[in-house]
Amino acid sequence: MKFGFYPKLAASSILKNKRLYLPYLLTCIGMIIIFYIIMYLAMCSTITSISGGETLQSIFGLGSWIIAIFACIFLFYTNSFLTKHRKKEFGLYNILGMNKHNIGRILFWEALITALFSLCIGLICAIIFSKLAEIGLIYIMHGTVTYDLSVSLLAVKRTLQVFGVIFLLLLIHSIWQVRFSSAISLIRSKNTGEKSPKGNWLLGVLGILILAVAYYLAVTIQDPLVALSTFFIAVIMVIVGTYLIMIAGSVFLCRTLQKNKRYYYKPNHFISVSSMAYRMKRNGASLASICVLNTMILVMLASTTCLYFGTENGIRERYPREINMEFDLASVSDLSNDKIKTLKNGISEELAARHVTPTNEYAYRCAAILGILQEDTVLSDPNLFMAVEPESRLFFFVPLADYNAVTGANETLAQGEALVYTNRKAYEYDTISFQHGATFKIKKRIDDFIIPGTSAVNILSSFIIIVPDLKAGVTGLDSLADYNGDRLLMFSYIYYFDTGMEQEQQIALFHDLYNVVIDASTKEQWGYETITFDSRELSRYDFYSLYGGLFYLGILLSIVFILATILIIYYKQISEGYEDQARFEIMQKIGMTRQEISKSIHSQLLTVFFLPLFLAILHLAFAFPIIRKLLLIFNLTNVNLFILTTGISIVIFAVFYSIVYRLTSNAYYNIVSGARDNL
Amino acid sequence: MNNILSVYGVKKTYTTRLGGNQVEALKNVSFTVEEGEFVAIMGESGSGKTTLLNILAALDKPTGGTILLDGKDLLKIKESAVATFRRDNLGFVFQDFNLLDTFTLEDNIYLPLVLAGKNHKEIQERLVPIAEKLNITGLLKKYPYEVSGGQKQRAAVARAMITNPKLILADEPTGALDSKATDELLRLFAEVNSMGQTILMVTHSIKAASMANRVLFIKDGEVYHQIYRGTDTNEQLYQKISDTLTLLATGGMKK
């Protein structure tokens with residue numbers, strides 16, 4: 001009997017406070033579901049087995065930590081709201097003879113019930129939804145869907161651990177809050193105005209500094225390979241900075257507005273500004289949460305949509321034609337006309353034997369070397385290549401004869417002259433000289449050239465130099481070797497063509513050819529060392545599984561974050577509506593009209609809504625360079641597409657946001673003006 | 001003298017939510033308040049005092065009767081204009097102060113005028129003498145939760161006065177105050193009244209009522225009796241009120 005007392009009391013007080021508790025429980029459950037699903041997808045073996053799945057899973061892994069941090073902040077926010085509202089109840093218990101220890105026990109049981117309830121319901125829902133999420137993901141990645149319900153015990157364990165810690169922290173937080181306040185202060189707590197946090201200037205400046213560093217990181221990051229981890233650091237810094245700025249900044253904003261007497265003493269600003277100032281700490285936190293969510297949604301929508309719609313683009317850059325062959329050759333002499341003729345004939349015979357006529361051929365010889373561009377000089381010291389530098393380039397030497405042949409041009413070049421093509425970063429000097437090789441005078445810059453697909457998708461910019469004679473052009477460079485003794489200059493023969501066949505036939509042809517081409521005797525006969533041999537149609541699956549998967553993840557997370565945003569905004573407006581009810585009642589007694597209430601709500605909601613959206617767009621603007629570089633890893637070079645998808649995402653989101661605005665302002669208005677009918 | 005407020009045969013009947021039982025809160029109330037008067041309305045709990053005050057404040061509508069405030073029929077004012085009318089013509093002092101926690105005392109006092117769209121400078125100028133008189137000049141920048149009940153109530157009086165209302169309605173203004181603060185507030189009321197401000201106060205404190213020029217007694221929804229101060233001192237009036245209440249309670253006296 002004695003044992004059952006506290007759990008019973010805890011359970012009944014949760015039931016009695018269900019209007020406050022329900023959103024909190026829903027929030028807990030929601031966060032648990034999201035966390036589990038992401039963890040599950042990150043560990044799910046069916047996804048690992050799909051090509052591109054592993055990359056996707058490491059991204060999911062990072063995502064799960066962001067969710068965990070987010071969940072912690074979000075739950076603290078809702079919980080502190082809850083505790084504040086219930087202090088009066090605890091004060092009453094205290095006065096009726098319960099000591100702080102007893103109240104601590106009630107809090108413990110409440111926390112336990114909340115934790116068990118939300119973890120049970122959350123995990124059950126999560127396991128069901130995780131299957132749906134998995135099916136959807138596999139579908140979009142063109143994998144094979146299995147319909148057995150699987151549970152990842154590791155993900156369950158991780159979820160229990162993460163949320164166990166969060167619930168424990170929440171419990172400690174509320175016990176701490178109750179323990180260090182007297183019965184009277186507990187009873188009165190609801191009426192004490194929230195004092196603006198101390199040292200908010202320091203916090204504000206700290207927030208601005210952190211945000212500035214994060215912005216600086218985002219804007220200056222050069223190397224997309226480093227970008228992924230930097231991006232993660234920058235994201236966390238932006239989150240922290242946003243919270244600090246919003247919490248300290250909202251204090252500052254309210255103070256400034258209150259000091260501006262002309263602005264402040266206007267009917268529609270007077271009430272909203274003062275009630276914001278009153279609750280600024282919490283307002284700051286919720287505005288920051290909304291802002292962080294908005295930023296996440298925008299970044300995700302913009303980048304994943306861009307990736308998805310850029311997939312075809314990426315495929316065409318990586319695979320310029322339906323069948324793509326890149327032969328690596330042993331030496332520059334293997335690039336002689338005779339040798340290449342043998343190779344070309346070999347391919348033609350194989351194709352003829354299968355009744356395939358290659359069309360749209362694109363074939364050329366080239367010699368490639370990695371170099372670091374220093375103004376108009378190319379350094380190719382092998383020791384430099386340990387790290388990838390921002391000014392690293394892939395240099396391709398292509399003989400003029402091949403260039404004229406593939407493009408149908410009729411260019412001529414004197415000795416020491418060259419035509420130049422660069423794919424990403426422009427080159428502005430008139431000459432280009434190689435540290436260990438020749439110097440060329442740039443006769444002309446050409447607009448279009450299909451660079452080898454494997455290099456086109458490289459994050460380094462490519463630099464094509466069309467020279468009158470390949471052998472003479474690479475003199476000096478061909479003797480360079482790294483510390484292993486491997487030659488730095490690579491010789492290749494590029495041969496791309498279309499077949500004019502259906503997708504399946506192309507794939508069949510590819511498989512058929514593949515076995516012949518990579519055969520050792522063919523190798524001997526054709527005279528090449530290694531080959532990169534791809535079918536565009538076959539590889540399309542890989543591309544779509546990765547990009548489609550990311551797109552799917554982006555949409556999924558966006559929906560989740562949008563729901564969280566709605567919940568925060570709605571919850572905040574509803575709860576503040578109830579708080580404001582008493583205030584508006586007084587104002588009506590003093591003589592405030594319905595229109596004035598409506599106006600005041602309008603100006604308050606407008607700030608609450610559009611400040612975070614504005615800051616989110618600012619975050620997005622600064623994140624733009626870093627995201628663009630991250631997209632380069634996925635071989636997405638089309639900046640215009642990214643700008644377009646970003647713009648569209650912002651517009652769609654803003655429209656959606658306005659709808660939420662209308663709904664919440666109506667709900668808030670109904671609560672607040674309901675006071676009038678109760679009089 | 002000019003009648004600021006005239007109340008004729010006001011009735012208020014509440015219908016309980018279930019069963020349709022009718023409760024008569026006000027049966028038939030008639031009285032007038034002249035300009036510059038300080039009238040107290042007394043009665044036990046449940047006698048209809050608060051209902052009457054709510055009706056006078058245009059917060060509630062009577063079931064029947066007429067109310068003229070400065071010659072204007074309160075019941076004929078359009079719903080949309082009621083709030084503005086209240087703001088411009090009436091000042092309120094409540095038992096629980098009804099100050100907004102979100103505002104400093106100063107801003108609380110400014111509230112009705114800011115809502116009326118008055119210029120900030122003008123409001124400030126109006127506040128200075130009132131704050132001086134109510135002895136709250138030093139407290140203006142504080143928040144309601146930082147000051148005592150008496151100080152809060154003085155701020156509430158300042159808020160009621162700043163609009164220069166035709167009538168101040170006070171609902172148990174001393175109900176939440178200690179005796180020292182009560183004396184202080186009543187002294188202020190008398191002082192404000194002596195400068196020509198009309199005050200109508202609902203109270204069940206004999207002490208509060210004994211500061212008024214006239215005391216109306218309400219019982220069972222009707223004005224049962226009234227006492228004029230005449231030349232009585234506060235103490236004499238106090239005694240008279242006390243006697244009246246005793247008689248009312250024992251039911252021995254009829255008007």
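Everything below is about the structure printed above this text.
Because the structure is predicted, anything quoted here is derived from the model rather than measured.

Can you help me understand the overall build of chain B in this one?
If you tally the helices and strands in chain B, you get eight helices and 10 strands. Total accessible area computed for chain B in this model is approximately 11,200 Å², and 48% of it derives from carbon and sulfur atoms.

Sorry if this is basic, but what is going on with the interface of chain A and chain B here?
Where interface size is quoted, it is often the accessible area lost as the parts come together. Between chain A and chain B, the residue contacts involve 26 residues of the former and 27 residues of the latter. When the area that chain A buries against chain B is broken down by residue, the three leading residues are Y265(A), K589(A) and I590(A), summing to 28%. Counting across the chain A and chain B interface gives zero salt bridges. At the junction of chain A with chain B, the criterion picks out two residue pairs in polar contact (both at pLDDT 80 or more). Here the residues of the side of chain A that touches chain B are counted per class, giving 11 nonpolar, eight polar and seven charged.

It is not clear to me how a nonpolar patch on the surface should be interpreted in this structure. Could you clarify?
Residues and elements named next belong to chain A. A contiguous nonpolar patch, built from I124, I128, F129 and L132 and spanning about 400 Å² of accessible area, is present on the exposed surface. In this structure, I128 sits in helix α5 (residues 100-140). What makes I128 partly exposed here is its relative accessible area of 48%.

I would appreciate a short explanation of the packing of aromatic side chains in the present structure.
Here a ring pair, both rings aromatic, is described through the centre-centre distance and the interplanar angle of the planes. Residues and elements named next belong to chain A. Inspection of every chain in the model, using the stated rule, returns 40 aromatic pairs over all chains. Seen in terms of ring centroids, F35 and F163 are 5.7 Å apart; in terms of plane orientation they differ by 75 degrees. Their pairing is edge-to-face. Placement of the pair is F35 in helix α2 (residues 18-43) and F163 in helix α6 (residues 153-179), with a sequence separation of 128 residues. Under the relative-accessibility criterion, F163 is labelled buried at 0%.

I tried to follow the nonpolar core on my own but got confused; where do I start?
In a soluble, globular protein the nonpolar side chains are often hidden away together inside. Residue and element names in this part refer to chain A. One finds F163 and F561 to be the most contacted residues of the largest nonpolar core, which totals 175 residues. Ranked by residues supplied to this core, first place goes to helix α20 (residues 536-590) with 19 residues. When we break this core down by domain, the ones giving at least three residues each are domain 1 (1-192) and domain 2 (200-319 + 537-679). For F163, the residues in contact, after removing those within four places along its chain, are M31, I32, F35, A71, L75 and L119. Residues L335, I442, F463 and Y493 belong to the second largest nonpolar core, which totals 45 residues.

Reading the values: the criteria
- Residues numbered from 1 in each chain as written.
- Chains lettered and ligands numbered in written order.
- Predicted model: local features only at pLDDT ≥ 70, side-chain atom pairs only at ≥ 80, totals over all residues.
- Heavy atoms only, no water.
- Helix = DSSP H or I, 4+ residues; strand = E, 2+ residues; numbered from the N terminus.
- Areas by Shrake-Rupley, 256 points an atom, 1.4 Å probe, with all protein chains shown as cover.
- Contact = heavy atoms within 4.5 Å.
- Buried area = accessible area lost by both parts, 1.4 Å probe.
- Salt bridge = Lys/Arg side-chain N within 4 Å of Asp/Glu carboxyl O.
- Polar contact = N/O pair within 3.5 Å; in protein donor to acceptor, adjacent residues only side chain to side chain.
- Nonpolar A, V, L, I, M, F, W, Y, C, P; charged D, E, K, R; others polar.
- Patch = residues over 30% accessible without salt bridge, like charges linked within 9 Å, V, L, I, M, F, W, Y side chains within 5 Å.
- Buried < 20%, exposed > 50% of the residue type's maximum accessible area, 1.4 Å probe, protein only.
- Phe/Tyr/Trp six-rings, centres within 6.5 Å; stacked < 30°, edge-to-face > 60°.
- Core = buried A, V, L, I, M, F, W, Y, C linked by side-chain atoms within 4.5 Å.
- Domains from an automatic or database assignment.

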